[in-house]
Structure formats: structure tokens, C-alpha cells
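Coordinate inspection notes
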Amino acid sequence: MPQAPMQYCRLSRLLCLSAVSASLLACGGGSGGLTSAPPPANDPGTNVAVPDLGTVAVANTVSTLPAGWMNGAFMEIYVRGYKDSNGDGKGDLQGLISKLDYLKDLGVTGIWLMPVTDSADKDHGYNVKNYRAIETDYGSMADFDQLLVQAHARGIGVIMDYVINHSSNEHPLFKNAASSAANAQRDFYVWQASKPSGWSIYGKDPWYASPYANGYYFAGFVAGVPDFNLKNTQVETFHHDNLRFWLNKGLDGLRFDAVGNLVENGPSAWESQPENHGVMLRAQQVVQAYSQRYMVCEAPAASQAFAAPTSCGSAFAFDLKDALVNAARGNAASIQAVSRYFSTAPPTMATLLANHDTFAGDRLWTQLGGNVAQYKLAAASYLLMPGTPFIYYGEEVGMANGQGLTGDWALRTPISWTANPSGFSTGTPYRNGATNATTENVQAQAGVPDSLHSHYKALLAVRNSLPSIARGSYVAPFVSGQVLGYQRHWGSEKTLVLINYGSSATSVNVTGLAAGASLVPRWASSANASGASIPVDSGGSASVPLPAQSAAVYQIQG
Ligand SMILES: [Ca+2]
Ligand SMILES: [Ca+2]
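**Notes on the side chain of Ser180**
- With respect to the helices, strands and loops of the structure, Ser180 is situated in the loop between helix 5 (172-179) and strand 6 (191-192).
- Residue contacts for Ser180: discarding those within four places in its chain leaves Asp43, Pro44, Gly45, Arg186 and Asn214.

Here it is in C-alpha cells:
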């Protein structure tokens, strides 16, 4: 199987290039899903029924989740890789439902489902064919409704991927649009009568010939996923109706894919265009018409701009990820970068260490070469900071890249429930598992002191029990040697977080505290940490011992 060139791997749906056969997806300029006979000149084209087109009004806006649920940690879940309930080797919604108790026990308060809508790719799901149908590999709409009910019963919110920039070329709207230049749905996509020149996106010409020889369509990623024309208000209306379709069911929010690529203004103006923020603000207004919903955007080239209230409101902190990992390695400049980040970045950034895309790096275990001490520091670094942290499924037990796999497939393997694949499926899994599944898996780690799983569970318990950690302000950050310190404030609750990235035990002098206060230990990563309260002297300083490569949380009292 050929590997996609790196420049094509920047975003999720690019797996299309090589994950699935070119004939299925029409990657590379083909016409998959379209009939080959051209219509007569001036033919209005075909009019395939479009099941996900049509008005959906706001209906049920209620949320039963607790306030601030979106400031707990999310688990990003690739449903195909999570749990197979019927032995076909592919994870599915019923399998996920059977693991909700596991997620609740771990302490996550939200789950992000990578695409579960009907998709042409039968893998990652970013080639949507019907925005209002569940991918049949994963189950039925009844299964999805049951997932919402069961997640909410456990205090867990559910958000799902929404692919707003493009559809599959098998989507009925594209079939109609491609069939004739006169088709009423032609302008749902981006067309030119003649092939434009001068374009190159991720190293490729994004203009492809219509299979009916009636012009050229724009596809910024690959031929099989044509871009919607987001300058056409009908397209926004189409998406808004589809968003309400899911929100009316009780869906708790969305993760919007590739929002840097929405509107194109020319061959040198195709990324992060000003109009993109307007598109996302209007999507945000649709979402926020419902109670307690959450949305987050993927925009690796301009993360913080899309987190603005006048845009998405929240976006992934791709600009922090590497600093978090390198701080865990003890890198001094990265420790400084981590300390500075939330002094200026919006508190609505969504933090992460790794995800399903190779542009975000390998699985964390692979990035750190299995160094558990560094892994625990990276986890503490983002789970105690502001923002909304997103754990990538299996990260909590140190899943490595997949055995014998490269590219995005190495990141999207069946989860390591057990040492062998039987914990995932009674059948043959759709793909190899992690290289370290025999030693690093849920069964081997859950309930075991000092395991990665116990570390994540303890950190999430701290986040869930202290509102200052979950959603408090970021106050008085400092770096002393290889120690990072900062306070978090929420109302009258004040906490102090200290992380020693160094390989030696040390004692850090924390200043600027209230004279006579005390530091009450709430959590420490190391069994060597003292359990006694630490007094603040009359000058407002406290000396706090820290074991090597350790993290601690103190509540500031008095
Ligand atoms: Ca299955
Ligand atoms: Ca676009």
C-alpha cells in the first residue's frame, strides 16, 4: 500500500490517498461513484435525492450535563478502534456503549467521536456521504440515540466530528452538481469552466476535471473529497440544518474539521481566509442556541485565531503540543514556553499531546521512546493546565504506534484492552494493534499503583474535584531551574501546581503567597512527596521539596 507524501498528511481525510483503493474513492482524479456517460449539452443533469438536505428547526435544546462539563477531560475516540460488539473485527457504537463505565471510572467527562456519519471511505470517516445517517459499520441511529442516553446517564457529554469543508464525491449533492453545469445544485461546490492555473495546495494542483467534461471542480485535499462552496449561503444553510439534526437529538457539541480550509480567494489566498471566521461564528451561533453545548475547531496553521469568540470560540492548541512533550524531556526552552502559553492564549484552547493525524506526531509512547517518567510529566503538564484537554484513546495506558504500520494507520489501531486482540474483538481486528500491547494494556494497568492508567485516573480526579484546576484562571506562572509553577484561581479556591521536569530532587522557593497561609497537599505524582502541609513565612514565601520528575498540587489556604 503506497504511503501518502508527508505534505498530504496534514489533515485527517488525507488517508484517502492510500488507505483505501483509488477505485473506491476516485483519489487521483477519477470519478468514483459517478456514472461515466456524459449527458447531452445543456442537460440539467441528474437529480439524485439528497436525504440530508432540508430544513431542520431548533427543537430540544435541553442539556442534563453539569455546568462546566466541557472543562473536564475529553477522550478522542476512533469508534472503529474502540470495541467490537459483534465479532466483525470493527469497533462499533454498541461496543463503545459497553465501555462507558470504563470511561466514567477513568474520569473523563466528554468523548469526541471521530466521524460516525455514513462515509465512502469505510475507515477514518472524513468522506461523508450522508450527514444525517450513521455509518453502517458502526450500527444504527437507534444505537447512536442509546449512546447519548447512556453517556448522559454517566455525566459524560458526546461531541462528534463534523466535516464542513468537503464531502465525498459520492455525496448526492456532488453527483448532481457534477452531472451538468446547469444543475440546480451545481454551486454547492466550486467550479470553473476552464482549468485555473497557478494553484498548488500541499504540493498538488487542486483542480480536477468533471467526469462529465463540463468544467473543473476544486478539491483542496484529494479528488475524492470535493470542497463545498462556502461562499454560497445555501451551503451554510445545508450545514446548519444538519447541525440542528444532531443537536436536537441531544448531541452535546461538535469538533469541526479543517476550518483553515473553508473559503478560497485565489492561488495564494487559500488558507485561513478572513471569511472562514464568519462561517464558524455562524456555526457557533447555531450550536449555542442549545444549552451547554461545546464546539472545537481544527486549524493547525492558525490555532489561536480560530479560538476567538468571533470565530469558533475554541480550537486545538497545536501550537503548544510540542512544547509540552519537550518540556517532559527536560528541555529548558520548552518549559519556558509552556509556562508562558496561557498568559496570552485563550483559556478555551483545547490541549493535546497527540491525536489521529501524523502531522500531530506519533503516539506519545513512541515519541518518548517508552520513557514512563517523561510520559507522566507530559500528562500532568496538560491535565492540570487551563483549557480543555483531549486524551487520545489508549494514551492513558501508553499505547504505542501500530505493529508494522506507517502513517495515520499506525495511530488508528485497535485499542489495547488486553495483551492480545481478544479484548477488542472476538473476530479478526480490522488492523494490527499497538507494538507494545502485550505489556502496556488496560487489563495490566487498571488498579495497579504507579501505572500510567492510575496516573491519568488520579490527575482526572484532581481536575474533577478542584474547580480551580478544571476552569480557574492562570496566575503567577514561574520557572525556577527545571521547575514550572503556577497558581489556578476559581472564586475563593486557590491551588498551586508544581512540576519538576529535572532528573534531580530539588526544593523550590515559591514567592508571592499570603503571609501565614499554608500549602495543603492535594495530590502528588511521587510516593516520596511529603504529605504534610507547608507553612508560608511572613515574607510570603514557602519552600517546597520536589522529588525528581514529579508533579504536585497544593491548595493554598489562609
Ligand atoms: Ca463491529
Ligand atoms: Ca474549502
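Having seen the model, we can carry on.
**Structural notes on the nonpolar core**
- Core analysis: the biggest nonpolar cluster contains 141 residues, and Leu103, Phe256 and Met280 have the highest contact counts within it.
- Taken domain by domain, the makeup of this core includes at least three residues from each of domain 1 (69-167 + 231-465) and domain 2 (469-557).
- Counting 16 residues, the second-largest nonpolar core is a separate cluster that includes Val483, Val544, Leu546 and Tyr554.

**A closer look at the coordination of the calcium ion (ligand 2)**
- Surrounding the calcium ion (ligand 2) are the protein donor atoms Asn165 (OD1), Asp227 (OD), Asn261 (O), Leu262 (O), Glu264 (OE) and Glu264 (OE), at 2.2 to 3.2 Å.
- Around the calcium ion (ligand 2), the six donor atoms are arranged such that angles at the metal cover 44 to 175°; this shape is classified as irregular.
- Mapping the donors of the calcium ion (ligand 2) onto the primary sequence yields the spacing N-x61-D-x33-N-L-x1-E. Note that Asp227 is positioned in the loop between strand 8 (216-218) and helix 6 (233-249) and Leu262 in the loop between strand 9 (253-256) and helix 7 (274-287), a separation of 35 residues in sequence.
- Among the residues examined, Asp227 registers a relative accessible area of 1% and is labelled buried.
- Leu262 gets classed as buried once you look at its relative accessible area, which sits at 0%.

**Brief notes about the coordination of the calcium ion (ligand 1)**
- The protein atoms that coordinate the calcium ion (ligand 1) are Asp84 (OD), Asn86 (OD1), Asp88 (OD), Lys90 (O) and Asp92 (OD), at distances spanning 2.2 to 2.4 Å.
- You can call Asp88 partly exposed: its relative accessible area is 36%.

**Focus: the packing of aromatic side chains**
- This structure, assessed with the given rule, holds 38 aromatic pairs.
- Geometrically, the ring pair formed by Phe188 and Phe238 is edge-to-face, given 6.2 Å between the ring centres and 90° between the ring planes. A residue pair is termed long-range when its members are at least 10 positions apart, and Phe188 in the loop between helix 5 and strand 6 and Phe238 in helix 6 qualify at 50 residues. Side by side, Phe188 and Phe238 carry an identical accessibility label, which is buried.

**Regarding the environment of Lys231**
- Relative to the helices and strands, Lys231 resides in the loop between strand 8 and helix 6.
- Considered as a pair, Lys231 and Asn500 are 269 residues apart in the sequence and their alpha carbons are 50 Å apart.
- Those residues in contact with Lys231 that lie beyond four places of it in its chain are Val263, Glu264 and Asn265.
- Only 2.8 Å separates the side chain of Lys231 from the side chain of Asn265, close enough to count as a polar contact.

**Digging into the pairing of strand 12 (residues 388-392)**
- Among the five residues that make up strand 12, five are buried, leaving the element largely enclosed by the rest of the structure.
- Covered by surrounding structure in strand 12 are Thr388, Phe390 and Tyr392 together with Pro389 and Ile391, the residues of both alternating faces.
- As defined by bridge partners, strand 1 (residues 74-77) adjoins strand 12 across three bridges and the pair is classed as parallel. Along strand 12, the bridge assignment pairs Phe74 with Phe390.
- As paired strands, strand 11 (residues 350-352) and strand 12 are joined by three bridges and run parallel to one another. What sits directly across from Leu352, in strand 12, is Phe390.

**Some thoughts on the sheet that holds strand 5 (residues 157-162)**
- Sheet architecture is open: seven strands sit in the order 10-9-5-2-1-12-11, paired in parallel fashion. Edge positions in the open sheet fall to strand 10 (294-297) and strand 11, since each of these has one partner strand only. Looking at each pair of strands side by side, their axes are set apart by 25° on average, direction ignored.
- Relative to strand 9, strand 5 is paired through four bridges, and the arrangement is parallel. Each bridged residue has a counterpart across the sheet, and for Met160 the counterpart in strand 9 is Leu254.

**So, the packing of helix 4 (residues 141-153) against helix 6**
- Put simply, helix 4 and helix 6 touch, their axes get as near as 10 Å, and they point 55° apart. Judged on the interaxial angle alone, helix 6 and helix 4 are oblique. The residues of helix 6 that touch helix 4, namely those facing Met141, Phe144, Asp145 and Leu148, are Phe245, Trp246 and Lys249.
- Looking at the contact of helix 4 with helix 6 residue by residue, the class counts come to five nonpolar, no polar and two charged.

**Observations concerning the domain arrangement of the protein**
- Each domain of the protein was delimited in the assignment, giving domain 1 (69-167 + 231-465) and domain 2 (469-557).
- Here the C-alpha centroids of domain 1 and domain 2 sit 30 Å apart.
- Taken together, the contacts link 26 residues of domain 1 with 21 residues of domain 2.
- When residues of domain 1 are sorted by the area they lose upon contact with domain 2, Ile335, Leu377 and Leu384 head the list and together hold 28% of the total.
- Summed over the shared surface of domain 1 and domain 2, the result is zero salt bridges.

**What to know about the state of the cysteines**
- For the structure on display, the rule yields one disulfide.
- A sulfur-sulfur distance of 2.1 Å marks the disulfide that ties Cys297 to Cys312. The disulfide joining Cys297 to Cys312 has a torsion of about -90° about its S-S bond and is therefore left-handed. Of this pair, Cys297 sits in strand 10 while Cys312 sits in the loop between helix 8 (303-306) and helix 9 (318-328); the two residues are 15 residues apart in sequence, bridging distant segments of the chain. Pair check on accessibility: Cys297 and Cys312 agree, each one buried.

**Quick word on the sheet that holds strand 8**
- As summarised here, the arrangement of the three strands in space is 6-8-7, forming an open sheet in which the pairing is antiparallel. The open sheet has two edge strands with one neighbour each: strand 6 and strand 7 (207-209).

**Comments concerning the packing of helix 9 against helix 10 (residues 332-344)**
- Two elements in contact, helix 9 and helix 10, have axes whose closest approach is 8 Å; the angle formed by their N-to-C orientations is 135°. Comparing the axis directions of helix 9 and helix 10 gives the class oblique. The interaxial crossing formed by helix 9 with helix 10 has left-handed handedness. For the pair formed by helix 9 and helix 10, the contact residues are Asp319, Leu320, Ala323, Leu324, Asn326 and Ala327 on the first element and Ser334, Ile335, Ala337, Val338, Tyr341 and Phe342 on the second.
- Looking at the contact of helix 9 with helix 10 residue by residue, the class counts come to nine nonpolar, two polar and one charged.

Calculation criteria
- Residues numbered from 1 in each chain as written.
- Chains lettered and ligands numbered in written order.
- Predicted model: local features only at pLDDT ≥ 70, side-chain atom pairs only at ≥ 80, totals over all residues.
- Heavy atoms only, no water.
- Helix = DSSP H or I, 4+ residues; strand = E, 2+ residues; numbered from the N terminus.
- Contact = heavy atoms within 4.5 Å.
- Core = buried A, V, L, I, M, F, W, Y, C linked by side-chain atoms within 4.5 Å.
- Buried < 20%, exposed > 50% of the residue type's maximum accessible area, 1.4 Å probe, protein only.
- Domains from an automatic or database assignment.
- Donors = N, O, S within 2.8 Å, 3.2 Å for Na, K, Ca; no water.
- Tetrahedral: all angles 85-135°; square planar, octahedral: opposite > 155°, others 65-115°.
- Phe/Tyr/Trp six-rings, centres within 6.5 Å; stacked < 30°, edge-to-face > 60°.
- Polar contact = N/O pair within 3.5 Å; in protein donor to acceptor, adjacent residues only side chain to side chain.
- Pairing = 2+ DSSP bridges.
- Axes fitted to C-alpha atoms, helices over the stretch in contact; angles between N-to-C directions.
- Parallel < 35°, antiparallel > 145°, perpendicular 65-115°, else oblique.
- Nonpolar A, V, L, I, M, F, W, Y, C, P; charged D, E, K, R; others polar.
- Buried area = accessible area lost by both parts, 1.4 Å probe.
- Salt bridge = Lys/Arg side-chain N within 4 Å of Asp/Glu carboxyl O.
- Disulfide = S-S within 2.5 Å.
- Left-handed = near helix turned anticlockwise from the far one by under 90°.

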